[in-house]
Amino acid sequence: MRLDGKVAFVTGAASGIGKHIAQVYAQAGAAIAVADLNPQAAEAAAAELRGQGACALAVGVDVTDEAAVDAAVARTVAELGGLDVLVSNAGIQIVAPMVDFSFADWKKLLAVHLDGAFLTSRAAMRQMVAGGRGGSLIFMGSVHSKEASVLKAPYVTAKHGLEGLTKVIAKEGAPHGIRANLICPGFVRTPLVDKQIPEQARALGLSEEDVVKKVMLKETVDGEFTTVEDVARIALMFAAFPSNALTGQSLVVSHGWFMQ
Ligand code: NAD
């Protein structure tokens, strides 16, 4: 599972899951575009990779901004010499009951997850088709691509939507050697989840400990969080897999929370 000579564009790579995927890809030999809304954090993450001997470029980009995404991908191709792997991972979470959800928050969440996935994958596919060397698109879904939870109407909607996008790109990309797959993690302790614990505790009238035990990890087989290492291993497999045999798939990595 090596990525020598490959270039990977990873969104949301300044934090959490995306940051760890960038590290694993760099260790596997890839050059990395560390793409994130937070340019200082992107630069810090890229500098960390360069300090470990990797080739890494920080790219400040809002994945919901069409012109900025196209420019960020073009810059990556110009500076790193091509594009072989996209990890569309940037995401946010907003929790509230359906009846209290503001339309603005609904649109904000769908924009980051769905517009972001569309814009980054369209820009990546254009470069991959023009480059003629195929590629791998990896979307960050969730167990919420398969299951629902209370308080998460737009998140569950968006994560289900990514499964559809993955399948369309698998079909349209195949003639060009472009694969598309979806990773569906269970809960992973990242800033995105740490923020939710007190919010869910308030909304559900539970202690924070009970939110973790009785809500987040209740359906797992062993009461364990999924880790950034677990998710990055799957991301490496999808990136390095050599043929169209593995495309249009979703893989759930969740300690058995969801079994298909
Ligand atoms: P995180 O908050 O640690 O990192 C998310 C990163 O995305 C941040 O660096 C943030 O700056 C960036 N980002 C946010 N909006 C952006 C935008 N508009 N443009 C560019 N970058 C933007 O979160 P995480 O837990 O690592 O989540 C990463 C992905 O994994 C998300 O898509 C999330 O839905 C998914 N996921 C997370 C979990 C979990 O339990 N943590 C489980 C399943 C799926």
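If you're wondering where the values come from, they're calculated on a predicted model, not measured in any experiment. (Residues numbered from 1 in each chain as written. Predicted model: local features only at pLDDT ≥ 70, side-chain atom pairs only at ≥ 80, totals over all residues. Heavy atoms only, no water.)

Before we go on, may I ask you to explain unusual backbone geometry in this structure?
Glycine aside, residues mostly have negative phi, and peptide bonds are mostly found in the trans state. Phi angles above zero are rare outside glycine, and leucine 151 is one such case at about 75°. With respect to the element layout, leucine 151 can be found in the loop between β5 (135-140) and α5 (153-173). For histidine 255, which is not glycine, the phi torsion reads 55° and is therefore positive. Counting through the fold element by element, histidine 255 comes out in the segment after β7 (249-253). (Helix = DSSP H or I, 4+ residues; strand = E, 2+ residues; numbered from the N terminus.)

Would you take a moment to explain the pattern of salt bridges for this structure?
Two side chains with opposite charge may pair up if their charged atoms get near one another. Counted under the stated rule, the structure contains 13 salt bridges. The salt bridge involving glutamate 199 is made with lysine 195; its shortest N-O contact spans 3.3 Å. Linking glutamate 199 with lysine 195, this pair stays in helix α6 (residues 191-204), spanning four residues, or about one helical turn. Relative accessible area serves as the criterion here: at 21%, glutamate 199 is assigned to the partly exposed category. (Salt bridge = Lys/Arg side-chain N within 4 Å of Asp/Glu carboxyl O. Buried < 20%, exposed > 50% of the residue type's maximum accessible area, 1.4 Å probe, protein only.)

It is not clear to me how the site of the ligand should be interpreted in this structure. Could you clarify?
Not every one of the 28 residues close to the ligand is listed here, only the nearest: Ser15, Asp36, Tyr155, Val188 and Thr190. At 3.0 Å from a nitrogen atom of the ligand is found a side-chain nitrogen or oxygen belonging to aspartate 62. Secondary structure elements with two or more residues in the shell around the ligand: α1 (16-27), α4 (103-131), α5 and α6. Ranked by residues supplied to the shell around the ligand, first place goes to α6 with three residues. When the residues that make up the shell around the ligand are grouped by side-chain class, the tally is 15 nonpolar, 10 polar and three charged. (Near = heavy atom within 4 Å. Polar contact = N/O pair within 3.5 Å; in protein donor to acceptor, adjacent residues only side chain to side chain. Nonpolar A, V, L, I, M, F, W, Y, C, P; charged D, E, K, R; others polar.)

Any chance you could explain the packing of α4 against α5 here in plain terms?
The geometry of a pair of packed helices is captured by two quantities: the angle between their axes and the separation between those axes. Where α4 contacts α5, the two axes come as close as 9 Å, and the packing angle between them is 15°. Judged on the interaxial angle alone, α5 and α4 are roughly parallel. Here the hand of the crossing between α4 and α5 comes out right-handed. Between α4, through Trp106, Leu109, Leu110, His113, Leu114, Ala117, Phe118, Ser121 and Met125, and α5, the contact on the second element is made entirely by Ala153, Pro154, Tyr155, Thr157, Ala158, Lys159, Gly161, Leu162, Leu165, Ile169 and Gly173. Across the contact of α4 with α5, the residue classes break down as 14 nonpolar, five polar and one charged. (Axes fitted to C-alpha atoms, helices over the stretch in contact; angles between N-to-C directions. Parallel < 35°, antiparallel > 145°, perpendicular 65-115°, else oblique. Left-handed = near helix turned anticlockwise from the far one by under 90°. Contact = heavy atoms within 4.5 Å.)

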